[in-house]
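For reference, the chains in residue letters:
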Amino acid sequence: MTSAPWHAVSVAEAAGRLGVDPGLGLDPEEAARRLARDGPNTVPERGGRGLRDLVVEQVRDVMILLLLAATVVSGLVGDLADTIAIVVILVLNAAIGVVQGLRAEHALEALRALSAPHAEVLRGGRPTRVDSAEVVVGDVVLLEAGALVPADLRLVEAASLSVAEAALTGESVPVTKGTRPVHGTAVPVGDRSCMAHRGTEVTSGRGVGLAVAVGADTEIGRVAELIIGADDVRTPLQRRLAHLSTRLAAAVVVISAVVFVAGLLRGEDPVVMLLTAVSLAVAAVPEALPAVVTISLALGAAVMVRQQALVRRLPAVETLGSVTHICSDKTGTLTRNRMAVDAVWTPSGDTDGLAEALVACTDAVLGDGDDDARGDPTEVALLRHAARSATGPARPRVGELPFDAERRRMLTLHARGSAGSAGSADRYVAFAKGAPESLLPRCGLDEGLRREADERARTMAAAGLRVLAVARRDLDRLPEDLREAERGMTLLGLVGLLDPPRPEAAAAVAECRAAGIVPVMITGDHPVTAHAIAERVGVAEPHHDASDVLTGQDLADLGDAALEARVLGARVYARVDPAQKIRIVRALQAQGQVAAMTGDGVNDAPALRQADIGVAMGAGGTDVARGASAMVLLDDNFATIVGAVREGRRIYDNIRRFVKYTLTSNAGEIWVMFLGPLLGLPLPLLPLQILWINLVTDGLPGLALAREPAEPTVMRRPPRPPEESIFAHGVTWHIAWVGLLIGGVSLAGMGWARLEGAENWQTVVFTVLVLAQLGHSLAVRSETQPSFGRRFATNPALLGAVVLTVGLQLAVVYLPWLQGVFQTGGLSARQLVVCVGLALVVPAAVEGEKALVRRGLLYGRSGS
């Protein structure tokens with residue numbers, strides 16, 4: 001007989017079927033057995049590419065297959081040695097592609113593991129935090145606002161519990177949950193009020209549920225294949241470059257066809273010309289560009305993790321370079337999220353007496369470490385401050401009046417001496433602390449001192465501090481009504497507290513401004529406090545004051561058009577609720593801005609999704625906020641956002657460098673093979689030589705450019721417009737003229753060698769082309785700065801790649817057994833000097849281009 005569905009059975013029956021006590025949960029050993037039996041709690045998803053997939057990707061390209069076919073034909077009718085050599089080079093090319101792909105997959109897998117959600121379960125009667133993948137059938141799962149439901153649960157407790165089920169049902173309004181069974185076998189998911197399903201979000205309340213299905217057996221697991229089919233992980237830049245590769249492929253095929261026909265008309269061997277044309281097409285088509293973008297973004301994201309920024313979506317790395325506004329929370333992001341004493345005033349200069357009062361009049365307790373203190377954050381801050389100068393333990397407390405919202409002060413009474421001390425057993429001291437307007441009237445102050453105390457309190461409050469007055473009174477006896485002890489007190493001083501800025505916040509904000517990024521503070525705090533912190537860290541404009549702060553009430557009063565008119569000038573928002581954040585984001589986007597928005601709560605999720613880059617808090621945020629974000633701050637630090645922007649700009653710059661270098665190199669090869677026959681010269685390069693150049697110059701040096709450090713000016717330039725082409729700022733012109741120059745110097749070497757009557761003229765053009773491309777890789781490291789000065793040694797990977805490639809080229813030229821394979825002849829010292837001299841023309845010309853750019857004479861930009 002088929003069991004009733006979980007939503008139709010009682011809590012007791014569900015627990016019995018699962019073999020678990022809802023009050024204790026599974027014991028750890030049983031949970032481990034069930035995990036081994038049922039497998040991890042994961043749903044089917046689009047997996048990473050395995051070794052087989054990567055190998056297939058390398059050989060399924062039409063050009064590669066055509067070259068293989070032509071190579072086989074050549075082997076059957078011609079030189080078998082050439083055929084073997086071409087196949088070996090193609091295998092090496094494929095091996096490099098596979099290694100690159102595996103590195104990217106490993107980096108992506110590491111990112112996926114880091115971003116895995118967690119769950120709170122009962123194990124052996126104790127709450128335990130585990131990875132969601134470790135939740136097993138029968139686990140007792142604890143739910144609270146902000147959590148993602150880790151499995152399909154039969155609820156056993158629900159206290160004001162609401163769950164957003166849009167991920168499953170499309171219903172945008174959260175559903176109220178309960179524990180009563182819902183009878184029927186075909187009840188829709190949205191009507192199962194006693195169930196909480198995997199992937200849904202707890203929006204309010206708390207609950208406890210029994211895991212009745214995990215992994216592929218959950219409701220969301222059943223539709224996982226549809227989710228996989230709809231997944232598109234390609235970034236906008238990848239899509240643009242894939243389109244570019246397709247267009248370039250068409251152009252290269254036409255050029256290769258022209259080279260083939262021209263060779264035939266000159267009487268060249270048809271098989272050789274076929275191999276030459278196809279080899280040229282293979283070498284010139286930048287089919288790897290989209291894959292290189294994936295590798296660069298994935299490995300860059302792995303670097304960001306080490307800098308405490310976890311990128312959850314690769315397109316965010318691209319977008320980071322375009323961010324114009326960073327809208328940040330105050331507490332914990334710009335500040336330390338730990339109250340501290342910032343200002344102290346005492347009328348008599350007696351700080352020891354003030355410290356004694358703060359130690360006595362508190363309910364907080366300090367532990368052994370900074371994070372071990374217990375109590376109200378304000379009291380903890382006062383106690384930490386006082387502990388530096390207090391000379392002994394607090395006096396024994398004999399009475400107290402706790403703080404309340406009406407009195408706005410706290411009173412404690414203490415014996416002045418230890419019990420039994422002569423002459424002191426019947427003497428007491430009262431200490432009080434509270435709001436100045438509440439405590440100062442109870443102090444015996446003359447008019448001048450009262451005015452000074454009031455003025456000091458106002459000054460502290462205007463600076464955004466929370467101000468407390470501290471007083472004492474000596475007593476001969478304990479009054480029957482303890483409130484009597486608050487009369488005629490002696491003012492000990494005023495203490496101003498605030499949540500201080502993080503030490504690195506001001507420098508990070510300044511770096512933002514230098515980079516053309518506008519930092520914006522959004523907080524639920526008081527406008528005066530918000531402006532004070534904003535002023536300290538540099539968010540507030542110099543001419544702004546607290547009256548320029550936009551409050552939540554101001555936002556409620558402003559229509560969308562009015563907010564759009566003011567949003568570009570606003571720097572500080574106070575008393576803002578999470579629902580208003582999305583209006584701020586939309587207003588910025590309506591003005592053409594690219595906004596990053598931070599958030600940590602459930603209600604922040606819509607704004608995080610709406611933002612161009614949603615940034616969730618990793619340490620103090622909710623699962624829902626992290627799920628809605630594109631990036632997670634593992635340390636909740638504003639400086640980490642700025643560091644991520646810097647890294648994002650570096651990664652994008654390096655992708656531009658790779659594109660510029662690769663396409664310029666390919667253009668040089670095309671010009672050599674296209675112009676040589678047109679100028680009446682013999683075929684400049686053999687098919688094997690073309691493929692060798694593609695292997696050694698596009699391989700190691702090209703990939704090493706991805707490790708280029710950021711330029712010194714990377715954070716001193718404005719954000720990149722999001723739709724700006726990767727070929728902006730003269731990249732297209734650079735590819736055209738430098739490619740023609742590389743082709744020109746290579747053909748010049750060929751012409752010189754032929755005039756000299758050298759039989760190894762083909763080796764000359766072969767070597768010049770390789771060395772010119774390597775020189776270009778060194779020069780292209782910066783768009784404006786000289787590459788052969790202080791920057792020369794900043795990328796050891798590139799220098800090593802260039803040295804290794806030069807060594808491989810010399811081996812091909814001088815080792816007898818390789819000379820036979822590549823049909824090269826050893827170069828004399830004079831020929832080698834000429835080859836090097838011709839190749840150096842290319843980096844020298846690129847450095848000249850950069851000098852003109854620095855002066856603002858080229859491409860409409862300048863550099864410092």
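Residues numbered from 1 in each chain as written. Predicted model: local features only at pLDDT ≥ 70, side-chain atom pairs only at ≥ 80, totals over all residues. Heavy atoms only, no water.

Any pair of aromatic rings gets described here by the distance separating the centres and the angle formed by the planes. One pass over the structure, following the stated rule, counts two aromatic pairs. Measuring from ring centre to ring centre gives 5.1 Å for Trp692 and Phe822, while their planes differ by 65 degrees; the resulting arrangement is edge-to-face. Of this pair, Trp692 sits in helix 25 (residues 687–698) while Phe822 sits in helix 30 (residues 816–822); the two residues are 130 residues apart in sequence, bridging distant segments of the chain. Judged by its relative accessible area of 9%, Trp692 falls in the buried class. Note that Arg720 overlies the ring of Tyr652, its terminal NZ or CZ placed 3.7 Å from the centroid. Geometry around Trp761 places Arg754 over its ring, the cationic atom sitting 5.4 Å from the centre. (Phe/Tyr/Trp six-rings, centres within 6.5 Å; stacked < 30°, edge-to-face > 60°. Helix = DSSP H or I, 4+ residues; strand = E, 2+ residues; numbered from the N terminus. Buried < 20%, exposed > 50% of the residue type's maximum accessible area, 1.4 Å probe, protein only. Lys NZ or Arg CZ within 6 Å of the ring centre and 35° of its normal.)

Attention now goes to the sheet that holds strand 20 (residues 613–617). Spatially, 8-21-20-19-9-16-18-17 is the arrangement adopted by the eight strands of the open sheet, whose pairing is mixed. The sheet is open, and its two borders are formed by strand 8 (309–311) and strand 17 (550–551), each paired with just one other strand. Two strands pair when backbone bridges link them, and strand 17 and strand 18 (residues 572–574) are joined in this way by two bridges, in the parallel orientation. Along strand 18, the bridge assignment pairs Thr551 with Ala574. Along the sheet, helix 21 (residues 578–590) makes contact with strand 9 (325–329), strand 16 (518–522), strand 18 and strand 19 (595–599), crossing strand 19 at roughly 170 degrees. Against the sheet, helix 24 (residues 638–678) touches strand 8, strand 9, strand 16, strand 19, strand 20 and strand 21 (631–633), its axis set at about 160 degrees to strand 9. (Pairing = 2+ DSSP bridges. Contact = heavy atoms within 4.5 Å. Axes fitted to C-alpha atoms, helices over the stretch in contact; angles between N-to-C directions.)

A word on the side chain of Arg650. Relative to the helices and strands, Arg650 resides in helix 24. A relative accessible area of 13% means that Arg650 is categorised as buried. Here the side chain of Arg650 touches Glu708 through a polar contact of 3.0 Å, landing on its backbone oxygen. If sequence neighbours within four positions are ignored, Arg650 has contacts with Ala706, Arg707, Glu708, Pro709, Ala710 and Val714. (Polar contact = N/O pair within 3.5 Å; in protein donor to acceptor, adjacent residues only side chain to side chain.)

Here the focus is the packing of helix 28 (residues 761–779) against helix 29 (residues 796–814). Packed helix pairs are characterised by how far apart their axes lie and by the angle those axes make with each other. It is the contact of helix 28 with helix 29, at a shortest axis distance of 10 Å, that shows an interaxial angle of 175 degrees. The angle between helix 28 and helix 29 places the two elements in the roughly antiparallel class. Contacts from Thr763, Phe766, Thr767, Val770, Leu771, Leu774, Ser777 and Leu778 of helix 28 reach helix 29 at Leu798, Leu799, Val802, Thr805, Val806, Gln809, Val812 and Val813. Across the contact of helix 28 with helix 29, the residue classes tally to eleven nonpolar, five polar and no charged. (Parallel < 35°, antiparallel > 145°, perpendicular 65-115°, else oblique. Nonpolar A, V, L, I, M, F, W, Y, C, P; charged D, E, K, R; others polar.)

The grouping of Leu700, Leu804 and Leu808 at the surface amounts to a nonpolar patch, some 240 Å² of accessible area in total. With respect to the helices, strands and loops of the structure, Leu804 is situated in helix 29. Since its relative accessible area comes to 44%, Leu804 is described here as partly exposed. (Patch = residues over 30% accessible without salt bridge, like charges linked within 9 Å, V, L, I, M, F, W, Y side chains within 5 Å. Areas by Shrake-Rupley, 256 points an atom, 1.4 Å probe, with all protein chains shown as cover. Salt bridge = Lys/Arg side-chain N within 4 Å of Asp/Glu carboxyl O.)

A few words on the confidence of the model for the chain. In this model, the chain carries an average pLDDT of 83, and 84% of its residues clear a pLDDT of 70 or more. Taken element by element, the chain is modelled with least confidence in helix 8 (residues 224–230), mean pLDDT 43, and with most confidence in helix 28, mean pLDDT 96. Segment residues 225–233: pLDDT under 50, and ten contacts once partners within four positions in sequence are set aside and those in other chains are kept. Contacts of residues 419–425 to residues separated by more than four positions or lying in other chains number two contacts, the stretch itself having pLDDT below 50. (pLDDT = per-residue confidence, 0-100.)

Over its 19 residues, helix 28 runs 27 Å from end to end, which matches the ideal 27 Å to within 8%, given 1.5 Å per residue. The element helix 28 is largely enclosed, with a buried count of 19 among its 19 residues. (Expected span 1.5 Å × (residues − 1).)

Turning next to the sheet that holds strand 14 (residues 466–475). The strands making up a sheet associate through hydrogen bonds between their backbones, and the pairing can be parallel or antiparallel. With antiparallel pairing, the six strands of this open sheet are ordered in space as 10-15-14-13-12-11. A single partner strand is all that each edge strand has here, and the edge strands are strand 10 (340–345) and strand 11 (397–401). Across the sheet, the mean angle separating the axes of adjacent strands is 20 degrees when strand polarity is ignored. With four bridges connecting them, strand 11 and strand 12 (residues 409–415) associate as antiparallel partners. Across the sheet, residue Arg397 finds its bridge partner in strand 12, namely His414. Contacts between helix 14 (residues 377–387) and the sheet are confined to strand 10, strand 12, strand 13 (428–434), strand 14 and strand 15 (490–498), with strand 10 contributing the most and set at about 60 degrees to the helix.

Let's shift gears to empty space enclosed by the protein. Across all of its chains, the model carries four cavities of 30 Å³ or more by this definition. Taken as a whole, the largest cavity holds about 110 Å³ of empty space. Forming the boundary of the largest cavity are 15 residues, of which Lys660, Glu783, Glu849, Val853 and Tyr859 lie nearest the centre. If you list the elements that add at least two residues to the lining of the largest cavity, you get helix 27 (731–755) and helix 31 (829–854). (1 Å grid on protein atoms, 1.4 Å probe; cavity = no way out; pocket = protein on both sides within 12 Å on 5 of 7 lines; lining within 4 Å. Points joined across faces, edges and corners; volume = space filled by probe spheres on them.)

Along helix 1 (residues 11–18), the residues classified as buried are Ala14, Ala15 and Leu18. Here the buried residues of helix 1 occupy an arc of 95 degrees about the axis, which is enough to place them on one side. Residues Ala12 and Gly16 are exposed on helix 1 and point more than 90 degrees away from its buried face. Looking at the buried side of helix 1, the elements it contacts are helix 2 (28–38), strand 4 (152–164) and strand 7 (201–213). Taken from the residues just after helix 1, Gly19 is the one with a positive phi, measuring 65 degrees. (Arc of directions from axis to C-beta.)

Running from amino to carboxyl end, helix 27 crosses helix 31 at an angle of 165 degrees, the nearest separation of the two axes being 10 Å. Judged by the angle between their axes, helix 27 and helix 31 are roughly antiparallel. Taken as a pair, helix 27 and helix 31 cross one another with a handedness that is right-handed. Residues His734, Trp737, Val738, Leu741, Ile742, Val745, Ala748, Gly749 and Trp752 of helix 27 form the contact with helix 31, whose participating residues are Arg830, Gln831, Val834, Leu838, Val841, Val842, Ala845, Val846 and Glu849. (Left-handed = near helix turned anticlockwise from the far one by under 90°.)

With that settled, the discussion passes to the pairing of strand 20. Among the five residues in strand 20, five count as buried, and that is most of the element. Taken together, the four bridges between strand 19 and strand 20 define a ladder with parallel strand orientation. Paired with Thr598 across the strands is Val615, a residue of strand 20. Pairing of strand 20 with strand 21, which is carried by three bridges, proceeds in the parallel orientation. Bridge assignment links Ala616 to a residue of strand 21, and that residue is Val632.

Ile326 and Phe638 are the most contacted members of the largest nonpolar core, which totals 78 residues. Sort the elements by how many residues they give to this core and helix 24 lands first, with eleven residues. Ignoring any residue separated from it by four or fewer positions in sequence, one finds Phe638 in contact with Ile326, Ser328, Thr333, Leu334, Ala508, Val509, Cys512 and Pro519. Among the nonpolar cores identified, the runner-up in size contains 55 residues, and Met273, Ile690, Ala753 and Leu778 belong to it. (Core = buried A, V, L, I, M, F, W, Y, C linked by side-chain atoms within 4.5 Å.)

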